[in-house]
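# Residue-level structure breakdown
Listed here are the chains, written in short residue letters.
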Amino acid sequence: MIRALSTVAGSAAQKLQGRPLRSVLYTPGFGKHLAKVKTSVADCALIDLEDGVAPSSKVAARKAVAELFQAGGLSNRMLTVRVNGLDTEWGWDDLKAVAKLERVDAIALPKVESPAEVQEVAAYLEKEGASQHTTIWSLIETPKGVQNVDAIAAAHPRQSALVMGTSDLCRELHCLHTKDREPLLYSLSKCVVAARANDLLILDGVHLDLEDSTGFEQACKQGKELGMDGKTLIHPSTVAVANWFFGPSAEDVEQSYRIVEAMQEAMARGQGACLLDGKLIENLHADNALRIIALHEAIQAFEESAAASKL
């Protein structure tokens, strides 16, 4: 009955494929780190063939990642692979190696600066018969990427997310990576608007100082307030905090159910609005409540499935 209230609420969340995306943990695609993908505690493991792998190990890493997926036995967590840039000597071979791997949920493209890059990869995936559930994530980590983000976000239906690369962006902007991230607010907000305008998910950039837990929490809080769906991470110890900030609180969920129930009762009376706790409730509030409920239910199902897999 809740679903009947709105058929459009949370269209971006539908790209979660029934799984939350609060925490996305970068995992180097080589050596001892790669084996930890099978036991990752994050909502998504982002296996990295780019910055996380030295040039001398990139070919071996590509082979190791392909073998990991071909061996199977992977969890129900989202699995994404970041390939090297297509303008490098490794990029296209990376793409060829992962394009047809059935369990790859998304292919992350670094330093995207134009819609043509997304379209070229999408065309290749179609030509190679890649699974339709394998989507594209575009990393926005350069000034030109931010400048062109509206066109990038609208580039192709196979694209499902934008990912902020704040470390590279700070370097290229020549700005300071301050605790309040004020120098990045324009770029972050512009990318959130582009993502929402095109029903894409958007993930916040990493926090590099693992000793600065207060700063990490502040960045998570700010990212949530800006409208981010989740955060990219560099260490498993930060997953629980990210999940807490980017998941709905118990109070949010309870209030969302109350809003939906109140709107259903109002609609049954032929009314398009109602009062709840003295506040006006309209369809826009119901749509947001449905989005929160959908995320809550996805998290519940995901955690139950993860717990069952450990039995």
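Residues numbered from 1 in each chain as written. Predicted model: local features only at pLDDT ≥ 70, side-chain atom pairs only at ≥ 80, totals over all residues. Heavy atoms only, no water.

## Some details on the layout of surface pockets
Quick note on the threshold: In this analysis, the protein atoms alone were mapped onto a 1 Å grid. Cavities are point sets where a 1.4 Å probe fits without being able to get out; pockets are open sets with protein on both sides within 12 Å along at least five of seven lines; lining residues have an atom within 4 Å of a point. Grid points are joined across faces, edges and corners, and a volume is the space filled by probe spheres set on the points. Secondary structure elements are defined from DSSP: runs of H or I of at least 4 residues count as helices, runs of E of at least 2 residues count as strands, and each element is numbered from the N terminus.
Taken as a whole, the second largest pocket holds about 550 Å³ of empty space. Surrounding the second largest pocket, 28 residues form its lining, Leu25, Tyr26, Thr27, Pro28 and Ile234 being those nearest its centre. Listed by contribution, the elements that provide at least two residues to the lining of the second largest pocket are β1 (23-28), β2 (44-48) and α8 (166-173). Among the elements that line the lining of the second largest pocket, the one with the most residues is β1, at four residues.

## Overview of α8
What counts, and what does not: Burial classes: relative accessible area under 20% of the type maximum marks a residue as buried, over 50% as exposed, and values in between as partly exposed (1.4 Å probe, protein chains only). Contacts were defined at the residue level, with two residues in contact if any of their heavy atoms lie within 4.5 Å.
When α8 is considered as a whole, its buried residues turn out to be Thr166, Asp168, Leu169 and Cys170. For α8, the elements touching its buried residues are α6 (143-147), β6 (159-164), α9 (185-197) and β7 (201-204). In the stretch just after α8, His174 is the one whose phi turns positive, near 60°.

## Side note on the UniProt feature "domain: HpcH/HpaI aldolase/citrate lyase" (unreviewed entry) in the protein
Heads up, the rule is: UniProt positions are given in the numbering used here, feature names are shortened, and annotations may be inferred rather than shown by experiment.
Mapped onto the present numbering, the UniProt feature "domain: HpcH/HpaI aldolase/citrate lyase" (unreviewed entry) falls at residues 22-236. For residues 22-236, the helix share is 39%, the strand share is 19%, and the end-to-end C-alpha distance is 13 Å.

## Quick word on the nonpolar core
Put simply, the rule reads: Side-chain atoms within 4.5 Å are what join buried Ala, Val, Leu, Ile, Met, Phe, Trp, Tyr and Cys residues into a set we call a nonpolar core.
By size, the foremost hydrophobic cluster in this structure holds 58 residues, and its most contacted members are Phe69, Leu125 and Leu162. Core analysis: the second largest hydrophobic core is formed by 15 residues, Val24, Cys44, Ala161 and Val163 among them.

## What to know about the UniProt feature "binding site: substrate" (unreviewed entry) in the protein
According to UniProt, the "binding site: substrate" (unreviewed entry) feature falls on Arg82 and Glu141. For the residues just named, distributed over 60 residues, the greatest C-alpha separation is only 13.7 Å, placing them together at one site. The subset of the named residues that lines the second largest pocket consists of Arg82 and Glu141. With respect to the secondary-structure elements, Arg82 resides in strand β3 (residues 78-82). Within the secondary structure, Glu141 sits in the loop between β5 (135-140) and α6.

## Some points on the pairing of β3
Our working rule: Paired strands, as defined in this entry, are two strands with at least two bridges between them according to DSSP. Orient the strands so they point away from the viewer; a crossover is then right-handed if the path from the first strand over the helix to the second runs clockwise.
The element β3 is extensively covered by neighbouring structure, given that five of its five residues are classed as buried. Residues Met78, Thr80 and Arg82 line one face of β3 and the alternating positions Leu79 and Val81 line the opposite face, and both faces are buried. As paired elements, β2 and β3 share five bridges and run parallel to each other. Pairing of Ile47 across the sheet is with Val81, part of β3. Between the parallel elements β2 and β3, the chain passes through helix α3 (residues 58-71) in a crossover that is right-handed.

## Topic: the domain arrangement of the protein
Stated precisely, the cut-off is as follows: All domain edges in this entry derive from an automatic or database-based domain assignment. What counts as buried area is the accessible surface, traced by a 1.4 Å probe, that two parts surrender upon association, with contributions from both included. Put simply, a salt bridge is a Lys or Arg side-chain nitrogen that is within 4 Å of an Asp or Glu carboxyl oxygen. Distance and chemistry together define a polar contact, namely a pair of N or O atoms within 3.5 Å, with one atom able to donate a hydrogen and the other to accept it when in protein, and with adjacent residues in sequence counting only for side-chain atoms on both sides. As a working rule, the residues Ala, Val, Leu, Ile, Met, Phe, Trp, Tyr, Cys and Pro are called nonpolar, Asp, Glu, Lys and Arg charged, and the rest polar, with Gly in that last group.
Split by domain assignment, the protein resolves into domain 1 (19-246) and domain 2 (250-309). Counting residues at the interface gives eight residues for domain 1, matched by seven residues for domain 2. Buried surface at the junction of domain 1 and domain 2, both sides included, amounts to about 630 Å², of which 63% is carbon and sulfur. In terms of surface lost to domain 2, no three residues of domain 1 exceed Pro20, Arg22 and Asn76, which account for 64% of the buried area on that side. For the pair domain 1 and domain 2, the interface holds one salt bridge. A salt bridge links Glu303 to Arg22, with the nearest nitrogen and oxygen atoms 3.8 Å apart. Where domain 1 touches domain 2, the interface holds zero residue pairs in polar contact (both at pLDDT 80 or more). Looking at the side of domain 1 that touches domain 2, its residues break down into three nonpolar, one polar and four charged.

## Some points on the packing of aromatic side chains
Inclusion rule: Think of it this way: a Phe, Tyr or Trp ring, Trp meaning its six-membered ring, pairs with another when their centres are within 6.5 Å, and the plane angle makes it stacked under 30 degrees, edge-to-face over 60, tilted otherwise.
Tallied over the full model, the rule gives two aromatic pairs. Between the aromatic rings of Trp92 and Tyr124, the centroid separation amounts to 5.5 Å while the plane-to-plane angle is 75°, which identifies the pairing as edge-to-face. Taken together, the residues span a long stretch of sequence, with Trp92 in helix α4 (residues 91-98) and Tyr124 in helix α5 (residues 115-127) at a distance of 32 residues. On the basis of relative accessibility, which here comes to 11%, the residue Tyr124 falls in the buried class. Aromatic pair Trp244 and Phe245: ring centres 5.0 Å apart, planes at 85°, arrangement edge-to-face. Under the relative-accessibility criterion, Trp244 is labelled exposed at 64%. Taking relative accessible area as the criterion, Phe245 reaches 17% and is therefore assigned buried.

## Points about the sheet that holds strand β4 (residues 106-109)
For the record, the criterion: Helix axes are fitted to C-alpha atoms over the stretch in contact, other axes to C-alpha atoms as well, and angles between N-to-C directions run from 0 to 180 degrees.
Spatially, eight strands are ordered β1-β2-β3-β4-β5-β6-β7-β8 in a closed barrel, and the strand pairing comes out parallel. Going from strand to strand, the sheet's axes swing by 25° on average, the running direction of each strand aside. The pairing of β1 with β2 spans five bridges and is parallel. Bridge pairing in β2 places Tyr26 opposite Leu46. Running at roughly 165° to strand β8 (residues 230-233), helix α11 (residues 239-246) makes contact with β1 and β8 of the sheet.

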